[in-house]
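Residue-level listing of the chains:
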Amino acid sequence: MVDLLTLTLEQRVPVQMQGETAGFTWQWLGEGLLQCTPKTAYRKTMLLSAGIHGNETAPIELLANIINDLFTERFTLAVRVLFVFGNPEAIRHGVRYLENDMNRMFCGAYQQLAQDQETARAAHLEQVTAQFFEQSQPQAQRYHYDLHTAIRASLLPVFALFPYQSKPYDEFLIQSLEAADLDALVYHNAAGKTFTHFTAEKFQAASSTLELGKAKPFGANDLAQFASTDQMLRAVLADQALPIRQKSDIRQFKVMDSILKQSEDFQLKLSADAPNFSTFQKGELIATQQAGDYVVHDQQVWILFPNPKVKTGLRAGLILKEIE
């Protein structure tokens, strides 16, 4: 039994570094890193990550429960999987990050920042991810689900984002997200420095970032809210049929623009508690700063991840249009 969450929170090394159960072999690859390989042939290889932002605890708890149920044989593992708790030090401190947002550090972007434990962690995650995918069976389709929660509430509470890519998106990935009863899918319009963009671009993984409700401290989460996502992930891990969608059709959006904070006088024309997917109409003002105001030119747009507190030079929000 490997209790990855307790080991991570207590900064401990397991007594055993590797072992096996009736159905799979396992290997502890370092802090917050656990690799499990079924003893039978597998068709999928899957990276399951949470805690890239340390205060987003619901997905961490969700993965911890899945790991515990794997080891107690509540379900059978049929895919090769790497579990990742992304930013252990931030997780222990209960903060989003220590110095810089780790989900802007991938694709080598950590090299542009002052070197610290978070940039070292991002570099290490890139190395471990490369080894994991390269050592998997070559015919196995690669997947990455990166689980997050949002800073603020959302009018569409559970949704997923796809990293930008020019080729069609993986059909099974889309089906699995629909089966998770997500409210919306969002398609990025440009390359990014996120963990999912890294796995999609470098390893051709079918990758997606899942946003599950609002960030809360450990113990304050109602995981029942994310039961559909939990069931979907277990079905994928067991290579079983996906759950049947219970909600109405999933809504789809594409990113039209990013609002960049270019100076300290930057202001968003939104209340501090305005939810994700708030709307603006043509002619309305979204943001002001010395470099110029941001005014809506389309009939209606939605805003995602509005955050005026980001560091200068970073994205302070995404502008979306709905795909009919």
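Quantities reported herein were computed from a predicted structural model and do not represent experimental measurements.

So, how was this worked out
Residues numbered from 1 in each chain as written. Predicted model: local features only at pLDDT ≥ 70, side-chain atom pairs only at ≥ 80, totals over all residues. Heavy atoms only, no water. UniProt positions renumbered as here; feature names shortened; annotations may be inferred. Helix = DSSP H or I, 4+ residues; strand = E, 2+ residues; numbered from the N terminus. Contact = heavy atoms within 4.5 Å. Phe/Tyr/Trp six-rings, centres within 6.5 Å; stacked < 30°, edge-to-face > 60°. Buried < 20%, exposed > 50% of the residue type's maximum accessible area, 1.4 Å probe, protein only. Lys NZ or Arg CZ within 6 Å of the ring centre and 35° of its normal.

S.K.: Can you help me understand the UniProt feature "domain: Succinylglutamate desuccinylase/Aspartoacylase catalytic" (unreviewed entry) in the protein chain in this one?
M.R.: In the numbering used here, UniProt assigns the "domain: Succinylglutamate desuccinylase/Aspartoacylase catalytic" (unreviewed entry) feature to residues 44-235. Helix makes up 34% of residues 44-235 and strand 21%, with an end-to-end C-alpha separation of 12 Å.

S.K.: Sorry if this is basic, but what is going on with the side chain of Thr-129 here?
M.R.: By the secondary structure assignment, Thr-129 is in helix H4 (residues 117-134). Setting aside chain neighbours within four positions, we find Thr-129 in contact with Leu-47, Phe-195, Phe-198, Thr-199 and Phe-203.

S.K.: Looking at this structure, I do not really get the packing of aromatic side chains. What am I missing?
M.R.: Between two aromatic rings, the relevant description is the distance of the centres plus the angle of the planes. Summed over all chains, the structure comprises 15 aromatic pairs. The interplanar angle of 40° and the centroid separation of 4.9 Å between the aromatic rings of Phe-162 and Tyr-169 together place this pair among those described as tilted. Residue class for Phe-162 comes out buried when judged on its relative accessible area of 0%. With a centroid separation of 5.3 Å and an interplanar angle of 70°, the aromatic rings of Phe-253 and Trp-302 are classed as edge-to-face. Here Phe-253 is found in strand E10 (residues 251-260), whereas its partner Trp-302 is found in strand E15 (residues 300-304), with 49 residues between them in sequence. Here Phe-253 and Trp-302 have matching classes, each one buried. These aromatic residues form a ring-pair network of at least three members: Phe-106, Phe-132, Phe-133, Phe-195, Phe-198 and Phe-203. Sitting above the plane of the Phe-172 ring, Lys-44 keeps its charged end 4.4 Å from the centroid.

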